[in-house]
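# Per-entry structural report
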Amino acid sequence: MAAPSPGARVSRRALVLVGLGVALPAILLAGLGIYLTLRIARAVEDESARYNSYIALQVGEAFERELLDELRRSIPPAETAARSGADTAAVIEALRAGAREFSAPHFVPETELPGTTGLIVESTALLYARGEGARDVRTFAGLLLRGPEGQMLGAGGWWFDPRRFLLAHFEEVVQDRLPENPRLYGGIVSTRRLSVALLGSFGEELLRVRQPGNSRNAQVEPLSGPFEGYAVRVAPALGAPAVWVTRFFGLMIAFIGIMGLATVVAALAGLRYAARQLELAQLKSSFVSNVTHELKTPIALIRLAAETLELRRFSTPEEGQAFLGGIVRETHRLQQLVDNILDFARLEAGQAVFRFEAVDLRAVVEETVENFRPRLEQQGFQVELDLPEGLPPARGDAVMLQHCVLNLLDNALKYSRTRREVRVSVEARDGAVAASVTDRGIGIAPADQKRVFEKFVRVEAGLVHDVKGAGLGLSLVQQIVRAHGGRVELESSPGEGSTFTLVLPLADGTEAPRRGARDARPTDPGRETTS
Ligand code: ADP
């Protein structure tokens, strides 16, 4: 390809700057957006976790209060008995009379009080002790009892099963007490959107109010006092705002990320497109100057030769013949260029019409080579042919295919230095037929092998400055072969030579010639390849 002009380099730099100007702020903004969202999400989650753990503690305390209330409701008969100076048996009897939820009344004399643990709940001492023995799941819970003179007698209370007590009071504590508890931070509404579960000593869920929405903010707080060994787990309930907020943050981050990515991709795609347009504009301008040169040179040479012949300004008949030969040669070149340009314009405009029929590829190739042979031999080329008979017919437009082979032969001639050898062959392939043109010329670097088929592209290295061309030939060849449903293969290594192969589908045997605008093509009758 032609090297970019300084102006083009400046515009390319400007494009890169514009692209960076869009992409960098997009990346920065997206990064900032994601960072802030994550920070807010973390703050919301921390706050939610703190609140959940606070509620779990409140639930624990509520159980203790529930136990105290229960004791207070059951103790009055025992208190009355103690105040009246009754003995231990009568106090125990009174405890039995007052027991509501408790089953085993028990009196702890003052001397044994140190064996119990005290807990102050609502300014009242709640005394408790664990049952002794590995299998005893019971716990003692009692209140202090005083005698007639107000002297301390001991504790009156009951053995009870904490697990049963917790299960029995769970709904009440969570559903009724918690939301109505004015001391709770967050108030009533928040606690109604919480899932609260009672956990056993192995962490197993014993009972639950409301299904948890997610476990991210769940907080587990162990219960203490008479309920030691159990725990409460608090999490936002399904559909709670905290769960939605977590999902919303996830969506928000995904959205910001996608928007940022889309902006960067759009900026890069726009940049690529603009760069390609710039390149195309450059290629077009070099194409115009190439074509101008290509058209003017043969016309000037033809004119000069024709004038020389007209004025008989030659001395020998051989000299005159050489001028005639020059005219023929330059006319051929002119014709080929004009054909290329016209075919290219038709293909670009989508106006090219192919007349597909069953074609003997061997005959097409042979005819083209024979037409072109004088030019090859004149330039000292050795032509080797491998054109076996009996090839299955291809589905193709013979004139278009001749044009392709002609372009390949012309390139072999243009891009060979000292090793002037051209080999042309045809062969049958699996479900296809192929025609190859091989030269021992300058070859094409792997990096350029795809690009040479693009329109206006000429490879910078090699003979491109010495030989004429508009960068249209291979683009045309590829477009024509693709229109046939075939493909062009290229094998080449720099300094070794190149092989271009046209692979064409077979005719299916029912091919009827198609009518088309090609019948009216003005260039066909005069085409070099058909003449
Ligand atoms: P043009 O020959 O008019 O420049 P083409 O489209 O036919 O345009 O070829 C494009 C480019 O591919 C050429 O400029 C040349 O650099 C490279 N090329 C084509 N054929 C050959 C070949 N046989 N050997 C080496 N290079 C080639």
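The notes below deal with the structure included here. Values in this document were obtained by computation on a predicted structure and should not be read as measured data.

### Points about the sheet that holds strand β11 (residues 382–386)
Read across the open sheet, the 5 strands follow the order β11-β13-β14-β16-β15; overall the sheet is mixed. A strand with exactly one partner marks an edge of an open sheet, and here the two such strands are β11 and β15 (487–493). On average, each strand axis in the sheet is inclined to that of its neighbour by 15°, with strand direction left out of account. In this structure, β15 lies alongside strand β16 (residues 497–505), joined through 7 bridges in antiparallel fashion. Looking at β16, one finds that Glu-489 is bridged to Thr-501. On top of the sheet, helix α9 (residues 398–414) reaches β13 (421–429), β14 (432–439) and β16; it is set at about 175° to β16, its chief contact. Running at roughly 25° to β16, helix α10 (residues 473–483) makes contact with β15 and β16 of the sheet.

### Side note on the sheet that holds strand β3 (residues 124–130)
Across the sheet, 5 strands lie side by side as β1-β5-β4-β3-β2; this open sheet has antiparallel pairing. The sheet terminates laterally at β1 (104–109) and β2 (117–121), the two strands that pair on one side only. Averaged over all neighbouring strand pairs, the angle between strand axes comes to 30°, with direction disregarded. Relative to strand β5 (residues 152–160), β1 runs antiparallel, the two being bridged by 6 bridges. When the sheet's bridge partners are listed, His-106 is paired in β5 with Gly-157.

### Quick look at α9
Here α9 spans 24 Å end to end across 17 residues, near enough to the 24 Å set by a 1.5 Å rise per residue. Within α9, 16 of the 17 residues are buried, which leaves the element mostly enclosed by the surrounding structure. The opening residue of α9, the one whose side-chain oxygen lies 3.1 Å from the backbone nitrogen of Val-399, is Asp-397.

### Considering the side chain of Glu-330
Relative to the helices and strands, Glu-330 resides in helix α7 (residues 317–349). Ignoring sequence-local partners within four residues, the contact set of Glu-330 consists of Pro-298, Leu-301 and Ile-302.

### Focus: the packing of aromatic side chains
Under the counting rule described, the total for this entry stands at 11 aromatic pairs. On the numbers, 6.0 Å between centres and 55° between planes, the contact of Phe-248 with Phe-249 is tilted. By relative accessible area, which is 47% here, Phe-248 ends up partly exposed. Here the aromatic cluster, defined as three or more aromatic residues joined through ring pairs, consists of Phe-63, Phe-102, Trp-158, Phe-160, Phe-165, Phe-170 and Phe-227. A cation over an aromatic ring shows up here: Arg-247 above the ring of Trp-244, its NZ or CZ 4.8 Å from the ring centre.

### Re the nonpolar core
Within the largest apolar cluster, 53 residues are counted, with the highest numbers of intra-cluster contacts made by Leu-361, Val-365, Leu-409, Val-422, Phe-500 and Leu-502. Here this core takes 9 residues from α9, the largest share from any one element. Ignoring sequence-local partners within four residues, the contact set of Leu-502 consists of Cys-404, Val-405, Leu-408, Val-433, Ala-434, Ala-435, Val-477, Val-481, Arg-487 and Val-488.

### Let's talk about the site of the ligand
Near the ligand you find 19 residues, and of these Asn-411, Tyr-415, Asp-439, Arg-458 and Leu-474 are the closest. One of the side-chain nitrogen or oxygen atoms of Tyr-415 is found 2.7 Å away from an oxygen atom of the ligand. Side-chain polar atom of Asp-439 to a nitrogen atom of the ligand: 2.8 Å apart, as the coordinates give it. Starting from 530 Å² of accessible surface for the ligand in isolation, the protein chains cover 97%. Where the shell around the ligand is concerned, the elements lending two or more residues are α9, α10 and β16. Of the residues assigned to the shell around the ligand, the class counts are 10 nonpolar, 6 polar and 3 charged.

### What about the pairing of β14?
Regular strands place their side chains on alternate faces of the sheet. With 8 of 8 residues buried, β14 is to be regarded as a mostly interior element. Burial along β14 is two-sided: the residues Ala-432, Ala-434, Ser-436 and Thr-438 and Val-433, Ala-435, Val-437 and Asp-439 are all buried. Pairing of β13 with β14, which is carried by 8 bridges, proceeds in the antiparallel orientation. Of the residues in β14, the one forming a bridge with Ser-425 is Ser-436. The hairpin formed by β13 and β14 contains 2 residues between the paired strands, and Gly-431 there has a positive phi angle of roughly 70°.

### Considering the environment of Gly-98
Among the structural elements, Gly-98 can be located in helix α3 (residues 88–98). Once the C-alpha coordinates of Gly-98 and Pro-76 are considered, the two residues, 22 residues apart in sequence, prove to be 7.1 Å apart. Non-local contacts of Gly-98, meaning those with residues more than four positions away in its chain, are made with Ser-74, Pro-77 and Trp-158.

### Points about the side chain of Ser-195
Within the fold, Ser-195 resides in strand β6 (residues 194–199). Residue Ser-195 is classed as buried on the basis of its relative accessible area of 1%. Within the structure, the side chain of Ser-195 is placed 2.9 Å from the backbone oxygen of Arg-210, a separation counted as a polar contact.

What counts and what doesn't
- Residues numbered from 1 in each chain as written.
- Predicted model: local features only at pLDDT ≥ 70, side-chain atom pairs only at ≥ 80, totals over all residues.
- Heavy atoms only, no water.
- Pairing = 2+ DSSP bridges.
- Helix = DSSP H or I, 4+ residues; strand = E, 2+ residues; numbered from the N terminus.
- Axes fitted to C-alpha atoms, helices over the stretch in contact; angles between N-to-C directions.
- Contact = heavy atoms within 4.5 Å.
- Expected span 1.5 Å × (residues − 1).
- Buried < 20%, exposed > 50% of the residue type's maximum accessible area, 1.4 Å probe, protein only.
- Polar contact = N/O pair within 3.5 Å; in protein donor to acceptor, adjacent residues only side chain to side chain.
- Phe/Tyr/Trp six-rings, centres within 6.5 Å; stacked < 30°, edge-to-face > 60°.
- Lys NZ or Arg CZ within 6 Å of the ring centre and 35° of its normal.
- Core = buried A, V, L, I, M, F, W, Y, C linked by side-chain atoms within 4.5 Å.
- Near = heavy atom within 4 Å.
- Areas by Shrake-Rupley, 256 points an atom, 1.4 Å probe, with all protein chains shown as cover.
- Nonpolar A, V, L, I, M, F, W, Y, C, P; charged D, E, K, R; others polar.

All we've got here are geometric facts, nothing functional implied.
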